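# Structure assessment
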Amino acid sequence: MNEKKKKPVLNLTLSAMFMAIGLVLPFFTGQIPQIGNMLLPMHIPVLLCGLICGWQYGLAVGFVLPPLRYVLFGMPVLFPTGIAMAFELATYGLVIGLAYSRSRWQCVISLYRCMILAMLAGRVVWGIAQVLLLGLSGSSFSWQMFMAGAFLNAIPGIVLQLILIPTIMVALNRTGLVRFTRRTKAVQKVRN
């Protein structure tokens, strides 16, 4: 099988693995609800999927993961939390995959920039989804609720992601499974 045919099969396989990790990981952190919700366990595999497989796969895994987890295990509650999370995680996978693939340097510094961009974009989309969904049910979503849900309560998860994801990517780079690279102008023209 040539390289062009192997890549989609590899990406589908890896995406399925990230989906499975996203389904199982909350069981390990959810034993202590106060801490489990703060660690954002489903975010990690979606971010990694966007980085390793590309934005299309990250978007799909991020969007499907919360509703699938609800169907299988009853958590997270589908309305409004699960639906808002689906849009948030889809944005993470999309933004980090697009930004990282278009970075001139694919290195740890670029990785941090793309992660921060994806985290901010995902939280904004989550806030918009919450406003719309809670508006449909007649509830309100205040600025304080947004800041608490998106940033203050999520600090442990944000710190964990900022440490764990680059560590995994550096380990994958050392093993040769994922390579940090510098894009030349010729490669940039081909990709654009």
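These numbers come from a predicted model, not from an experiment.

Each value, and the rule that gives it
Residues numbered from 1 in each chain as written. Predicted model: local features only at pLDDT ≥ 70, side-chain atom pairs only at ≥ 80, totals over all residues. Heavy atoms only, no water. Helix = DSSP H or I, 4+ residues; strand = E, 2+ residues; numbered from the N terminus. Buried < 20%, exposed > 50% of the residue type's maximum accessible area, 1.4 Å probe, protein only. Phe/Tyr/Trp six-rings, centres within 6.5 Å; stacked < 30°, edge-to-face > 60°. Lys NZ or Arg CZ within 6 Å of the ring centre and 35° of its normal. Core = buried A, V, L, I, M, F, W, Y, C linked by side-chain atoms within 4.5 Å. Lys, Arg positive; Asp, Glu negative; His and termini not counted. Salt bridge = Lys/Arg side-chain N within 4 Å of Asp/Glu carboxyl O. Polar contact = N/O pair within 3.5 Å; in protein donor to acceptor, adjacent residues only side chain to side chain. Contact = heavy atoms within 4.5 Å. Axes fitted to C-alpha atoms, helices over the stretch in contact; angles between N-to-C directions. Parallel < 35°, antiparallel > 145°, perpendicular 65-115°, else oblique. Left-handed = near helix turned anticlockwise from the far one by under 90°. Nonpolar A, V, L, I, M, F, W, Y, C, P; charged D, E, K, R; others polar. Patch = residues over 30% accessible without salt bridge, like charges linked within 9 Å, V, L, I, M, F, W, Y side chains within 5 Å. Areas by Shrake-Rupley, 256 points an atom, 1.4 Å probe, with all protein chains shown as cover.

## Comments concerning the environment of Lys5
- With respect to the helices, strands and loops of the structure, Lys5 is situated in helix α1 (residues 3–29).
- Relative accessible area serves as the criterion here: at 56%, Lys5 is assigned to the exposed category.

## Looking at the packing of aromatic side chains
- All told, the structure shown has 6 aromatic pairs when counted by the stated rule.
- Ring geometry for Trp126 against Phe141: centres 5.5 Å apart, planes inclined by 80°, an arrangement best described as edge-to-face. In this pair, Trp126 is assigned in helix α6 (residues 108–136) and Phe141 in the loop between α6 and α7 (143–152), connecting sequence segments 15 residues apart.
- For Trp126, a relative accessible area of 12% gives the class buried.
- Taken together, the ring pairs in this structure connect Trp126, Phe141, Trp143, Phe146 and Phe151 into an aromatic cluster.
- The ring of Phe27 carries the charged tip of Arg69 above its face, separated from the ring centre by 4.7 Å.

## Structural notes on the nonpolar core
- In this structure, Leu51, Ile52, Tyr92, Ile96, Ile165 and Met169 are the most contacted members of the largest nonpolar core, which totals 33 residues.
- For this core, the secondary structure elements donating two or more residues are α1, α3 (43–52), α4 (55–73), α5 (78–101), α6 and α8 (155–175).
- Within the second largest apolar cluster, 8 residues are counted, among which are Ala129, Leu133, Phe141 and Phe146.

## Some remarks on unusual backbone geometry
- At the junction of Met75 and Pro76, the peptide bond is cis and its omega measures out at -5° in the coordinates.
- Checked against the element boundaries, Pro76 lands in the loop between α4 and α5.
- In the segment running from Phe79 into Pro80, the intervening peptide bond is cis, with an omega of -5°.
- Tracing the backbone through its elements, the reader meets Pro80 in helix α5.

## Structural notes on the side chain of Glu88
- Structurally, the position occupied by Glu88 is in helix α5.
- Buried within the structure, Glu88 lacks any salt-bridge partner; its nearest side chain of opposite charge belongs to Arg123, at an N-O separation of 4.6 Å.
- For Glu88, the side chain forms a polar contact with the side chain of Tyr92, separated by 2.9 Å.
- If we skip the residues at most four places from it in the chain, Glu88 touches His43, Gly122, Arg123, Val125 and Trp126.

## What about the packing of α3 against α5?
- In contact at an axis separation of 7 Å, α3 and α5 are set at 30° when each is read in the N-to-C sense. Between α3 and α5, the crossing angle belongs to the class labelled roughly parallel. Judged by the twist between their axes, the crossing of α3 over α5 is right-handed. Together, His43, Val46, Leu47, Gly50 and Leu51 of α3 and Glu88, Leu89, Tyr92, Gly93, Ile96, Gly97 and Tyr100 of α5 make up the contact between the two elements.
- Of the residues that constitute the contact of α3 with α5, the class distribution is 7 nonpolar, 4 polar and 1 charged.

## Looking at the environment of Ile116
- Along the polypeptide, Ile116 turns up in helix α6.
- For Ile116, a relative accessible area of 43% gives the class partly exposed.

## A few points about a nonpolar patch on the surface
- On the surface, Val24, Phe27, Phe28, Tyr70, Val71, Leu72 and Phe73 cluster together to form a nonpolar patch covering roughly 700 Å² of accessible area.
- Put simply, the parts of the chain that give the nonpolar patch at least two residues each are α1 and α4.

## Some words on the packing of α1 against α3
- The contact between α1 and α3 brings their axes to 9 Å, and the two run at 170°. Between α1 and α3, the angle is such that the two are roughly antiparallel. Note on element contacts: α3 touches α1 through Pro45, Leu48, Cys49 and Ile52, opposite Asn11, Leu14, Ser15, Phe18, Ile21, Gly22 and Leu25.
- The residue makeup of the contact of α1 with α3, split by class, is 8 nonpolar, 3 polar and no charged.

Treat this as a map of the structure, not an account of what it does.
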